[in-house]
Amino acid sequence: MRIKNFDEDKHILYLVATPIGNLSEMTPRAIEVLNSVVAIGCEDTRVSKQLLNNFNISKKLISCHEHNEEQASIELLKYLEDGNVAYISDAGYPGISDPGHRLLLKVLDNGYKVSVVSGANAMINALIGSGLDTTHFYFHGFLASKHSTRIHELEELKNKKETLIFYESPHRIEDTLIDLKTILGNRKAVIARELTKRFEEFIREDLNTLCEIDVSTLKGEMVLVIEGNKNNEKVSETEVLSYAKNLISNGINTKTAAKLTAEHFKVSKNAVYDVLIKK
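Just so it is clear, the model here is predicted, and its values are computed rather than measured.

S.K.: So what exactly am I meant to see when it comes to helix α1 (residues 28-36) here?
M.R.: Residue pairs three or four apart in sequence face the same way in an α-helix, which turns once every 3.6 residues. When we look at burial in α1, the residues that qualify are A30, V33 and L34. When α1 is viewed along its axis, its buried side chains cluster within an angular range of 95 degrees and face the same direction. Within α1, the exposed residues directed more than 90 degrees away from the buried face are P28 and E32. If you follow the buried residues of α1, they end up packed against β1 (12-16), β2 (39-42), α2 (45-54), β4 (85-88) and β5 (113-117).

Below you can see the structure in the form of C-alpha coordinates.
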(Lines give C-alpha, C1' and ligand atoms only; values in the text may rest on other atoms or scores of the structure.)
Protein backbone atom coordinates (compact mmCIF):
# COMPACT_ATOMS: atom_id res chain seq x y z
CA MET A 1 0.00 0.00 0.00
CA ARG A 2 1.34 3.43 -1.00
CA ILE A 3 0.44 6.33 1.28
CA LYS A 4 1.52 9.94 0.85
CA ASN A 5 1.28 11.29 4.38
CA PHE A 6 0.76 14.94 3.52
CA ASP A 7 -1.40 14.61 0.40
CA GLU A 8 -4.42 12.94 1.98
CA ASP A 9 -7.09 13.95 4.45
CA LYS A 10 -6.62 11.11 6.94
CA HIS A 11 -5.22 12.05 10.33
CA ILE A 12 -1.63 11.27 11.30
CA LEU A 13 0.07 9.74 14.30
CA TYR A 14 3.40 11.55 14.72
CA LEU A 15 6.16 9.57 16.42
CA VAL A 16 8.31 12.35 17.84
CA ALA A 17 11.91 11.89 19.00
CA THR A 18 12.73 13.73 22.23
CA PRO A 19 16.07 14.79 23.79
CA ILE A 20 18.29 12.04 25.21
CA GLY A 21 19.93 14.48 27.61
CA ASN A 22 20.37 18.04 26.39
CA LEU A 23 17.10 19.96 25.98
CA SER A 24 18.57 21.79 22.98
CA GLU A 25 18.14 18.56 21.03
CA MET A 26 14.41 19.31 20.82
CA THR A 27 13.97 20.36 17.21
CA PRO A 28 11.80 23.26 16.01
CA ARG A 29 9.74 20.79 13.99
CA ALA A 30 9.12 18.61 17.06
CA ILE A 31 7.87 21.66 18.97
CA GLU A 32 5.70 22.71 16.04
CA VAL A 33 4.13 19.24 15.70
CA LEU A 34 3.50 18.83 19.43
CA ASN A 35 1.79 22.22 19.50
CA SER A 36 -0.45 21.24 16.57
CA VAL A 37 -1.90 17.91 17.71
CA VAL A 38 -5.11 17.28 19.66
CA ALA A 39 -3.45 14.92 22.16
CA ILE A 40 -0.05 13.47 23.04
CA GLY A 41 0.56 9.88 24.08
CA CYS A 42 3.60 9.46 26.28
CA GLU A 43 5.57 6.83 28.17
CA ASP A 44 5.48 8.64 31.51
CA THR A 45 3.21 11.65 32.00
CA ARG A 46 5.45 13.07 34.76
CA VAL A 47 8.57 13.04 32.60
CA SER A 48 6.74 14.31 29.52
CA LYS A 49 4.99 17.12 31.40
CA GLN A 50 8.35 18.48 32.56
CA LEU A 51 9.69 18.34 29.01
CA LEU A 52 6.64 19.99 27.47
CA ASN A 53 6.56 22.71 30.11
CA ASN A 54 10.07 23.73 29.03
CA PHE A 55 8.67 24.57 25.60
CA ASN A 56 5.33 25.98 26.75
CA ILE A 57 3.40 23.10 25.20
CA SER A 58 0.09 22.35 26.88
CA LYS A 59 -1.82 19.36 25.55
CA LYS A 60 -3.89 16.44 26.79
CA LEU A 61 -1.43 13.70 27.87
CA ILE A 62 -2.34 10.03 27.57
CA SER A 63 -0.19 7.53 29.47
CA CYS A 64 0.92 4.80 27.06
CA HIS A 65 3.71 2.53 28.30
CA GLU A 66 4.77 -1.10 27.91
CA HIS A 67 2.22 -2.38 30.44
CA ASN A 68 -0.87 -0.61 29.06
CA GLU A 69 0.04 0.03 25.41
CA GLU A 70 -2.79 -2.10 23.97
CA GLN A 71 -5.50 -0.35 26.00
CA ALA A 72 -3.96 3.13 25.67
CA SER A 73 -3.76 2.66 21.89
CA ILE A 74 -7.55 2.32 21.77
CA GLU A 75 -7.91 5.62 23.64
CA LEU A 76 -5.45 7.39 21.33
CA LEU A 77 -7.35 6.09 18.30
CA LYS A 78 -10.43 7.97 19.54
CA TYR A 79 -8.43 11.21 19.51
CA LEU A 80 -7.24 10.43 15.97
CA GLU A 81 -10.86 10.63 14.86
CA ASP A 82 -10.77 14.36 15.68
CA GLY A 83 -7.25 15.32 14.56
CA ASN A 84 -3.58 14.47 14.50
CA VAL A 85 -1.98 12.83 17.54
CA ALA A 86 1.64 12.57 18.68
CA TYR A 87 3.47 9.96 20.69
CA ILE A 88 6.70 10.52 22.65
CA SER A 89 8.80 8.24 24.85
CA ASP A 90 10.90 9.49 27.78
CA ALA A 91 14.01 9.98 25.61
CA GLY A 92 14.98 9.36 22.01
CA TYR A 93 12.80 7.62 19.45
CA PRO A 94 9.57 5.81 20.32
CA GLY A 95 9.81 2.13 19.45
CA ILE A 96 13.59 1.89 19.90
CA SER A 97 13.92 -0.03 23.21
CA ASP A 98 10.85 1.98 24.24
CA PRO A 99 7.07 1.65 23.78
CA GLY A 100 5.39 2.81 20.58
CA HIS A 101 5.51 -0.11 18.15
CA ARG A 102 2.21 -1.70 19.19
CA LEU A 103 0.55 1.72 19.00
CA LEU A 104 1.94 2.20 15.49
CA LEU A 105 0.56 -1.16 14.33
CA LYS A 106 -2.86 -0.41 15.82
CA VAL A 107 -2.97 2.97 14.08
CA LEU A 108 -2.02 1.49 10.71
CA ASP A 109 -4.54 -1.34 11.09
CA ASN A 110 -7.26 1.28 11.58
CA GLY A 111 -6.40 3.13 8.37
CA TYR A 112 -4.59 6.13 9.80
CA LYS A 113 -1.17 7.44 8.77
CA VAL A 114 2.12 7.46 10.66
CA SER A 115 4.97 9.96 10.32
CA VAL A 116 8.26 10.22 12.22
CA VAL A 117 9.73 13.48 13.49
CA SER A 118 13.52 13.18 13.62
CA GLY A 119 15.69 13.85 16.65
CA ALA A 120 18.34 12.47 18.99
CA ASN A 121 19.26 8.79 19.29
CA ALA A 122 21.69 7.36 21.86
CA MET A 123 22.67 4.39 19.71
CA ILE A 124 23.84 6.58 16.82
CA ASN A 125 25.67 9.03 19.09
CA ALA A 126 27.54 6.19 20.79
CA LEU A 127 28.44 4.43 17.55
CA ILE A 128 29.71 7.54 15.77
CA GLY A 129 31.75 8.63 18.79
CA SER A 130 33.10 5.19 19.64
CA GLY A 131 35.94 5.09 17.13
CA LEU A 132 34.90 1.56 16.09
CA ASP A 133 33.89 0.53 12.57
CA THR A 134 30.66 2.23 11.46
CA THR A 135 30.44 0.59 8.00
CA HIS A 136 28.09 -2.12 9.22
CA PHE A 137 26.56 -2.43 12.67
CA TYR A 138 23.98 -4.45 14.57
CA PHE A 139 21.81 -2.84 17.24
CA HIS A 140 20.47 -5.32 19.80
CA GLY A 141 19.07 -3.02 22.47
CA PHE A 142 18.90 -4.44 26.00
CA LEU A 143 20.17 -7.95 26.61
CA ALA A 144 17.96 -10.23 28.70
CA SER A 145 18.10 -9.75 32.47
CA LYS A 146 18.09 -13.52 33.08
CA HIS A 147 21.68 -14.78 32.99
CA SER A 148 21.07 -18.00 31.03
CA THR A 149 19.00 -16.18 28.41
CA ARG A 150 21.61 -13.43 28.10
CA ILE A 151 24.35 -16.03 27.53
CA HIS A 152 22.24 -17.66 24.81
CA GLU A 153 21.73 -14.28 23.11
CA LEU A 154 25.47 -13.58 23.11
CA GLU A 155 26.31 -17.04 21.77
CA GLU A 156 24.07 -16.26 18.79
CA LEU A 157 25.78 -12.88 18.27
CA LYS A 158 29.43 -13.82 18.78
CA ASN A 159 30.18 -14.60 15.11
CA LYS A 160 28.68 -11.41 13.70
CA LYS A 161 31.21 -9.30 11.82
CA GLU A 162 29.24 -6.11 12.38
CA THR A 163 29.96 -3.74 15.26
CA LEU A 164 27.57 -4.69 18.09
CA ILE A 165 25.54 -2.12 20.04
CA PHE A 166 23.72 -2.70 23.33
CA TYR A 167 21.87 -0.59 25.88
CA GLU A 168 22.51 -1.26 29.57
CA SER A 169 21.58 0.11 32.98
CA PRO A 170 23.92 0.75 35.95
CA HIS A 171 22.64 -2.11 38.11
CA ARG A 172 23.36 -4.73 35.42
CA ILE A 173 26.50 -3.34 33.78
CA GLU A 174 28.96 -5.47 35.78
CA ASP A 175 27.29 -8.79 34.95
CA THR A 176 26.83 -7.80 31.32
CA LEU A 177 30.49 -6.84 30.85
CA ILE A 178 31.62 -10.15 32.35
CA ASP A 179 29.30 -12.10 30.07
CA LEU A 180 30.45 -10.12 27.02
CA LYS A 181 34.09 -10.91 27.79
CA THR A 182 33.34 -14.57 28.50
CA ILE A 183 31.37 -15.21 25.31
CA LEU A 184 32.88 -12.76 22.82
CA GLY A 185 36.47 -12.85 24.03
CA ASN A 186 38.62 -9.78 24.57
CA ARG A 187 37.52 -7.27 21.92
CA LYS A 188 37.79 -3.53 21.56
CA ALA A 189 34.83 -2.02 23.37
CA VAL A 190 33.39 1.35 24.35
CA ILE A 191 31.04 2.48 27.10
CA ALA A 192 29.20 5.69 26.21
CA ARG A 193 27.23 7.15 29.11
CA GLU A 194 25.31 10.28 30.03
CA LEU A 195 25.22 11.17 26.34
CA THR A 196 24.73 14.90 25.57
CA LYS A 197 24.53 15.64 29.32
CA ARG A 198 26.99 17.56 31.48
CA PHE A 199 28.94 14.44 32.47
CA GLU A 200 29.01 12.74 29.06
CA GLU A 201 31.79 10.16 28.97
CA PHE A 202 33.31 7.75 26.45
CA ILE A 203 35.44 4.91 27.84
CA ARG A 204 37.37 3.42 24.92
CA GLU A 205 39.22 0.27 26.01
CA ASP A 206 38.81 -3.49 25.56
CA LEU A 207 36.47 -5.85 27.40
CA ASN A 208 39.20 -7.08 29.76
CA THR A 209 39.91 -3.52 30.88
CA LEU A 210 36.26 -2.51 31.10
CA CYS A 211 35.60 -5.45 33.42
CA GLU A 212 38.12 -4.01 35.87
CA ILE A 213 36.42 -0.60 36.17
CA ASP A 214 34.85 0.30 39.51
CA VAL A 215 31.19 -0.06 38.53
CA SER A 216 30.16 2.48 41.18
CA THR A 217 31.60 5.12 38.83
CA LEU A 218 29.32 4.04 35.99
CA LYS A 219 26.18 6.11 36.50
CA GLY A 220 23.24 6.68 34.18
CA GLU A 221 21.99 4.78 31.15
CA MET A 222 24.81 3.39 29.01
CA VAL A 223 25.44 2.31 25.44
CA LEU A 224 27.97 -0.48 24.85
CA VAL A 225 29.67 -0.56 21.46
CA ILE A 226 31.63 -3.77 20.81
CA GLU A 227 33.98 -4.65 17.97
CA GLY A 228 32.57 -7.30 15.62
CA ASN A 229 34.12 -10.73 15.12
CA LYS A 230 37.30 -10.10 13.12
CA ASN A 231 38.13 -13.77 12.42
CA ASN A 232 38.11 -14.16 8.66
CA GLU A 233 37.60 -17.91 8.79
CA LYS A 234 35.64 -20.13 11.14
CA VAL A 235 38.06 -22.14 13.26
CA SER A 236 37.49 -25.90 13.10
CA GLU A 237 36.89 -27.91 16.26
CA THR A 238 39.79 -30.17 15.31
CA GLU A 239 42.17 -27.20 15.11
CA VAL A 240 41.05 -25.86 18.48
CA LEU A 241 41.28 -29.28 20.11
CA SER A 242 44.77 -29.89 18.72
CA TYR A 243 46.05 -26.56 20.03
CA ALA A 244 44.56 -27.11 23.50
CA LYS A 245 45.82 -30.69 23.79
CA ASN A 246 49.31 -29.54 22.90
CA LEU A 247 49.17 -27.08 25.83
CA ILE A 248 47.92 -29.81 28.16
CA SER A 249 50.71 -32.17 27.06
CA ASN A 250 53.16 -29.49 28.15
CA GLY A 251 51.84 -29.50 31.69
CA ILE A 252 49.11 -26.82 31.51
CA ASN A 253 45.86 -27.73 33.25
CA THR A 254 42.62 -28.05 31.30
CA LYS A 255 41.03 -24.84 32.55
CA THR A 256 44.08 -22.71 31.73
CA ALA A 257 44.51 -24.48 28.38
CA ALA A 258 40.92 -23.63 27.50
CA LYS A 259 41.53 -19.98 28.43
CA LEU A 260 44.74 -19.71 26.39
CA THR A 261 43.18 -21.49 23.41
CA ALA A 262 40.15 -19.21 23.46
CA GLU A 263 42.41 -16.14 23.49
CA HIS A 264 44.51 -17.53 20.64
CA PHE A 265 41.57 -18.27 18.34
CA LYS A 266 39.34 -15.46 19.70
CA VAL A 267 36.55 -17.86 20.54
CA SER A 268 34.52 -18.59 23.69
CA LYS A 269 36.50 -20.07 26.59
CA ASN A 270 33.43 -22.03 27.68
CA ALA A 271 33.06 -23.54 24.22
CA VAL A 272 36.71 -24.69 24.21
CA TYR A 273 36.38 -26.13 27.70
CA ASP A 274 33.22 -28.03 26.71
CA VAL A 275 35.04 -29.58 23.73
CA LEU A 276 37.98 -30.62 25.92
CA ILE A 277 35.96 -32.35 28.63
CA LYS A 278 33.92 -34.22 26.01
CA LYS A 279 37.11 -35.60 24.47
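S.K.: Got a minute to help me understand the environment of V114 in this structure?
M.R.: Mapping V114 onto the fold places it in strand β5. Of the residues examined, V114 reaches a relative accessible area of 17% and is grouped as buried. Considered as a pair, V114 and N84 are 30 residues apart in the sequence and their alpha carbons are 9.8 Å apart. With near-sequence residues (within four places) excluded, V114 lies in contact with N5, I12, L13, L15, L104, V107 and L108.

S.K.: What am I meant to see in the environment of H11 here?
M.R.: Here H11 lies in the segment before β1. A relative accessible area of 23% means that H11 is categorised as partly exposed. Taking the C-alpha atoms as reference, H11 lies 46 Å from D175; in sequence the two are 164 residues apart. Sequence-distant contacts of H11, that is, excluding residues within four places in its chain, are made with L80, E81, D82, G83, N84, Y112 and K113. A distance of 2.5 Å separates the side chain of H11 from the backbone oxygen of L80, its partner in a polar contact.

About the criteria used
All residue numbers refer to positions counted from 1 along the written sequence of the respective chain. Note on the predicted model: pLDDT of at least 70 is required for a residue's local features to be given, and 80 or more for side-chain atom pairs to be given and counted; whole-chain, interface and lining totals, by contrast, use all residues. Only heavy atoms go into the side-chain values, all of them from the structure, while hydrogens and water stay out. Accessible area is worked out with a 1.4 Å probe on protein chains only. A residue is then buried under 20% of its type maximum, exposed over 50%, and partly exposed in between. Counting from the N terminus, the helices are DSSP H or I runs at least four residues long and the strands are E runs at least two residues long. Working definition: the arc comes from the directions between the helix axis and the C-beta atoms, pointing outward to the latter. Whether two residues are in contact is decided by their heavy atoms, any of which lying within 4.5 Å being enough. Identification of polar contacts relies on pairs of N or O atoms within 3.5 Å, with a donor-acceptor requirement for protein atoms, meaning one able to donate a hydrogen and the other able to accept it, and with residues adjacent in sequence counted only if both atoms are side-chain atoms.

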